[in-house]
Amino acid sequence: MRNNSKLTKNAQYLRKHMTKQEGKLWVFFLKDLPVNINRQKVIGNYIIDFYCAEKKTAIEIDGTQHFLTEGKEKDKTRDNYLNSLGIKVLRYSNYDINENFESVTEDIWNKLKLG
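Since the structure is predicted, the reported quantities are computational estimates derived from the model, not experimental observations.

Asker: Explanation requested: the nonpolar core in the structure shown.
Answerer: Soluble globular proteins tend to bury their nonpolar side chains together. In this structure, L25, L30, I59 and I108 are the most contacted members of the largest nonpolar core, which totals 19 residues. Mapped onto this core, the elements with two or more residues apiece are helix 2 (20–28), strand 2 (46–52), strand 3 (57–62), strand 4 (88–93) and helix 5 (101–111). When residues in this core are grouped by element, the largest group, three residues, is from helix 5.

Below, the structure is given as structure tokens:
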């Protein structure tokens, strides 16, 4: 697996300018987990919202563009690529983060097998 070094600066920018939902998930849950979680991790030609190398799991927070036809196709291609590397992808919508935060955190906890 070779990472696209051209994405590094963009990933650094995105770490400093997370969406409201990414920031909420990071501050109120992910940063305090008993495993290391990377924010805006470059993997191949993609920037992953959150990545846990120990559990080979990507966590993606999807805004409205992900529900359009083009967004769905791009996500499928990205997920297939990550899956080919043995990385499981967990996806949650902005709505899920805003309205069902406890359910999202419980799901992540369970899928990372932390309990």
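Asker: What's the story with the sheet that holds strand 1 (residues 38–43) in this structure? I'm lost.
Answerer: The strands making up a sheet associate through hydrogen bonds between their backbones, and the pairing can be parallel or antiparallel. One open sheet holds the four strands; their spatial order is 1-2-3-4, and the pairing between them is mixed. Either end of the sheet is taken by a strand with one partner, and the two such strands are strand 1 and strand 4. Between one strand axis and the next, the sheet turns through 45° on average, direction left out of account. Where strand 1 and strand 2 come together, five bridges link them in antiparallel fashion. Residue pairing in the sheet places R39 in a bridge with F50 of strand 2. Each of strand 1 and strand 2 is contacted by helix 1 (residues 8–16), which is oriented at about 165° to strand 1, the strand it contacts most. Of the strands in this sheet, strand 3 and strand 4 are in contact with helix 5, which crosses strand 4 at around 175°.

Procedures and definitions
Residues numbered from 1 in each chain as written. Predicted model: local features only at pLDDT ≥ 70, side-chain atom pairs only at ≥ 80, totals over all residues. Heavy atoms only, no water. Core = buried A, V, L, I, M, F, W, Y, C linked by side-chain atoms within 4.5 Å. Buried < 20%, exposed > 50% of the residue type's maximum accessible area, 1.4 Å probe, protein only. Helix = DSSP H or I, 4+ residues; strand = E, 2+ residues; numbered from the N terminus. Pairing = 2+ DSSP bridges. Axes fitted to C-alpha atoms, helices over the stretch in contact; angles between N-to-C directions. Contact = heavy atoms within 4.5 Å.

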